[in-house]
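A look at the structure
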Amino acid sequence: MPFAELIAQDRALGSLRAALRRGALHHAYLFGGPAGVGKGTAARLLAQAANCEAPGEGGALRDDPCGACAACRKIARDAHPDVRVLAEEREMARAGRWEPRGGRAPSREIVVDQIRDLVDRRLSLRRFEGRRRVVVIDPADAMNAPAQNALLKTLEEPPDDTTLVLVSSSPDSLLPTIRSRCLRLAFGPVPEAAVAARLVSAGRPPERAALAAALSGGSIGRALAMDDEALVARRDAVARLAGIDGDRTLDWLAFAREQGEDREEAEAIGELLLVFWRDVLALQAGGAALALAGLSDAARRAASGLAPLEVLRRRALTAGMLAALRRNGAATLALERMLVGWFHGR
Ligand SMILES: [Zn+2]
């Protein structure tokens, strides 16, 4: 059940699996949605399912790859002659799968030569051994404009038994002519609890998993890539902030100065604070399940020490601080403004 490994993408996968069962895959798909939610994995699983050699139930077409037959295994290690994955020149050069013409250094784009190579050399041939040829372009938004234009004709009149899958976390940056020729499937952010569960199953302790999930923006890829030590440092920063006495001005000025040295850190702490305030409000409303178990003591103290309206006010100031950071405001100043608001804005 490899498709079942993709969490919370039932809509997109349901429509793909229905097309597989009917033997009616579209000739061009655009998988759009945030980074790290399984779009690329889904594209590779689709290539496997369309070429899987294991028999389906009662002779029906398979809507899920077996993962174990020769075709599935070849596709998994990128060695199937009828399945091609195109990526940025630099990535493909690193894997020994592409060499730019004329001795130029490989770029961070997908260039027109790569598309011509695909169309003229690969798609013009007969299929070798598979049932369906699948081309995955990931990330499709790495195609520069000439490359996208070179792909248009193929998208319009694709060779028989061929499916192209364009994968993109910014699908709207593709040319409208490309978008209009693809069937678009939307992949959404993964719910926080599901991200946390996935991290626990990958071996993270539950408390760290919850922290990473809270900061992941619904991206399993982002959560998996988070550094454990950085997470703990952020949790401790939020705990420290929650415990600061507003009358001790020097304490919170020092906090703003230290945490403001690194904008990304300040942003991560702001994101964590928003989840923290949500936990505090949940406690005040009688809830018991907290997103951040590692901050439950601090949350309980805040819940009993602050009025709900004050919690809402501090949360709004936290959101304002984050917005200022994202507009490129100075991090120390943004943190100071937030804290002045918390402690002296009543
Ligand atoms: Zn198989």
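All of the points below concern the structure found in this document. Keep in mind it's a predicted model, so treat the numbers as computed, not measured.

**Points about the sheet that holds strand β5 (residues 183-186)**
One key point about sheets: their strands pair by backbone hydrogen bonds, in either a parallel or an antiparallel sense. What the five strands build is an open sheet, ordered β2-β3-β4-β1-β5; its pairing is parallel. In this open sheet, the two strands that pair with only one neighbour each are β2 (83-86) and β5. When strand polarity is set aside, the average angle formed by the axes of neighbouring strands in this sheet is 20°. Relative to strand β4 (residues 162-168), strand β1 (residues 28-32) runs parallel, the two being bridged by five bridges. By the bridge assignment for β4, Tyr29 is matched with Val165. Here helix α1 (residues 10-22) sits on the sheet and contacts β1 and β5; the angle it forms with β5, its principal contact strand, is near 135°. Seen against the sheet, helix α5 (residues 112-122) touches β2 and β3 (133-137) and runs at an angle of roughly 170° to β2.

**Describing the coordination of the zinc ion**
Ligation of the zinc ion by protein atoms is provided by Cys52 (SG), Cys66 (SG), Cys69 (SG) and Cys72 (SG), these donors lying 2.3 to 2.4 Å from the ion. Around the zinc ion sit four donor atoms; with metal-centred angles ranging over 100 to 118°, the donor geometry is tetrahedral. Sequence spacing of the donor residues for the zinc ion, all on one chain, is C-x13-C-x2-C-x2-C. Using a relative accessible area of 27% as the deciding quantity, one classes Cys66 as partly exposed. Take Cys72: its relative accessible area is 0%, and that puts it in the buried class.

**Quick word on the packing of aromatic side chains**
Inspection of every chain in the model, using the stated rule, returns six aromatic pairs. Relative to Trp342, the ring of Trp277 has its centre 5.3 Å away and its plane inclined at 75°; by these criteria the two rings are edge-to-face. A residue pair is termed long-range when its members are at least 10 positions apart, and Trp277 in helix α13 (residues 263-284) and Trp342 in helix α16 (residues 331-344) qualify at 65 residues. Summarising the burial analysis for this pair, Trp277 and Trp342 share the class buried. Ring plane angle 90° and centroid distance 6.0 Å describe the contact between Trp342 and Phe343, whose orientation is recorded as edge-to-face. Residue classification places Trp342 among the buried positions, given a relative accessible area of 1%.

Reading the values: rules and limits
Think of each chain on its own: its residues are numbered from 1, step by step along the sequence as written. Since the coordinates come from a predicted model, pLDDT governs what is reported: local features require at least 70, and pairs of side-chain atoms require 80 or more to be given and counted, while whole-chain, interface and lining totals use all residues. Calculated side-chain values reflect all of the structure's heavy atoms, with hydrogen atoms and water omitted. Pairs of strands are assigned from DSSP output, requiring at least two bridges between the strands. Secondary structure elements are defined from DSSP: runs of H or I of at least 4 residues count as helices, runs of E of at least 2 residues count as strands, and each element is numbered from the N terminus. Geometry is summarised by axes, namely lines fitted to C-alpha atoms with helices restricted to the contacting stretch, and by angles between N-to-C directions that run from 0 to 180 degrees. Residue contacts follow a heavy-atom distance rule, with two residues in contact if any of their heavy atoms lie within 4.5 Å. Counted as donors are the N, O and S atoms within 2.8 Å of the metal, or 3.2 Å for Na, K and Ca, while water is not among the atoms, so some sites may look incomplete. In this scheme the shape depends on donor count and angles: four donors with every angle between 85 and 135 degrees give tetrahedral, four or six donors with opposite pairs above 155 degrees and others between 65 and 115 give square planar or octahedral in turn, and any other case is irregular. The rule is simple: take the accessible area with a 1.4 Å probe, protein chains only, and divide by the maximum for that residue type; under 20% is buried, over 50% is exposed, in between is partly exposed. Working definition: rings of Phe, Tyr and Trp (its six-membered ring) pair if their centres are within 6.5 Å, and the pair is stacked with planes under 30 degrees apart, edge-to-face with planes over 60 apart, and tilted otherwise.

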